[in-house]
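Notes for the structure review
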Amino acid sequence: MSDADSYGDTYTESQVIMTAVKIIAPFTMTYGLFLTFHGTDTPGGSFQGGTIVGVTVLMLAFAFGIESTRRWIRQSLIVGLVTGGVVIFAGTGVATMALGGGFLEYEAFVDRFGISHYWGMEAVEVGGVALIVAGIIVTLFFATAAGFTPVGDDADHHEMGVGNDD
């Protein structure tokens, strides 16, 4: 049996864990979304809210299997969340610069549109930070779960050009 064969699927179905996650996950997701949407008003914020939302997905993966969760949450969705978060964050900053302020200087919204600087902060916190953090946590988890396959024997080294003294 080779090393590659010894690292099979480690998922073991447990009714206790699956039932506990079914009960806990809606509460953790709700709390994560609460922190996210109240990020500028209350302690905690969008970073912590995005973290809790991402960890809720990890909890589902531990309970129901990593591969089934990976199929349920497609990579394109995660990439879209992170990309959308970056676009919202950068777009808000560029919009404040276009309105004559500095990067993420929310007072430009007050001067130009008469709206509170609060809405600029909400866009960055809810639309930017929370999406980025949740997406990165899930991405790192799936990347770690995919594992690392060590390089095999010397033949593999020669194919890659490692150790060739020619």
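Our subject is the structure listed above.
In this report, the structure presented in the accompanying data block is examined.

Criteria and cut-off values
- Residues numbered from 1 in each chain as written.
- Predicted model: local features only at pLDDT ≥ 70, side-chain atom pairs only at ≥ 80, totals over all residues.
- Heavy atoms only, no water.
- Core = buried A, V, L, I, M, F, W, Y, C linked by side-chain atoms within 4.5 Å.
- Buried < 20%, exposed > 50% of the residue type's maximum accessible area, 1.4 Å probe, protein only.
- Helix = DSSP H or I, 4+ residues; strand = E, 2+ residues; numbered from the N terminus.
- Expected span 1.5 Å × (residues − 1).
- Contact = heavy atoms within 4.5 Å.
- 1 Å grid on protein atoms, 1.4 Å probe; cavity = no way out; pocket = protein on both sides within 12 Å on 5 of 7 lines; lining within 4 Å.
- Points joined across faces, edges and corners; volume = space filled by probe spheres on them.
- Nonpolar A, V, L, I, M, F, W, Y, C, P; charged D, E, K, R; others polar.
- Polar contact = N/O pair within 3.5 Å; in protein donor to acceptor, adjacent residues only side chain to side chain.

The next point concerns the nonpolar core. Formed by Val57, Leu58, Ala61, Ile73, Ile78, Val138, Phe141 and Phe142, the largest nonpolar core amounts to eight residues. Listed by contribution, the elements that provide at least two residues to this core are helix H3 (46-64) and helix H7 (118-146).

Before going further, it helps to examine H3. The end-to-end C-alpha distance of H3 is 27 Å, a good match for the 27 Å that 19 residues give at a rise of 1.5 Å each. Taken as a whole, H3 has its buried residues at Ser46, Gly49, Gly50, Val53, Gly54, Thr56, Val57, Leu58, Leu60, Ala61 and Ala63. In this structure, the buried residues of H3 make contact with helix H2 (15-37), helix H4 (66-72) and H7. Gly65 sits one or two positions beyond H3 and adopts a positive phi of about 105 degrees.

So, about the layout of surface pockets. The rolling of a water-molecule-sized probe over the atoms marks out the regions of remaining empty space. Approximately 310 Å³ is the volume attributed to the second largest pocket. In terms of lining, the second largest pocket is formed by 19 residues, of which the most central are Val53, Leu81, Ala130, Leu131 and Ala134. Taken together, the elements giving at least two residues each to the lining of the second largest pocket come down to H2, H3, helix H5 (75-98) and H7. Top element by residues in the lining of the second largest pocket is H7. It accounts for six residues. Of the residues that constitute the lining of the second largest pocket, the class distribution is 14 nonpolar, five polar and no charged.

On to the side chain of Ser46. With respect to the secondary-structure elements, Ser46 resides in helix H3. Within polar-contact distance, the side chain of Ser46 engages the backbone oxygen of Glu125 at 2.9 Å. With sequence-adjacent residues up to four places away left out, Ser46 is seen in contact with Leu35, Thr36, Gly39, Glu125, Val126, Val129 and Ala130.

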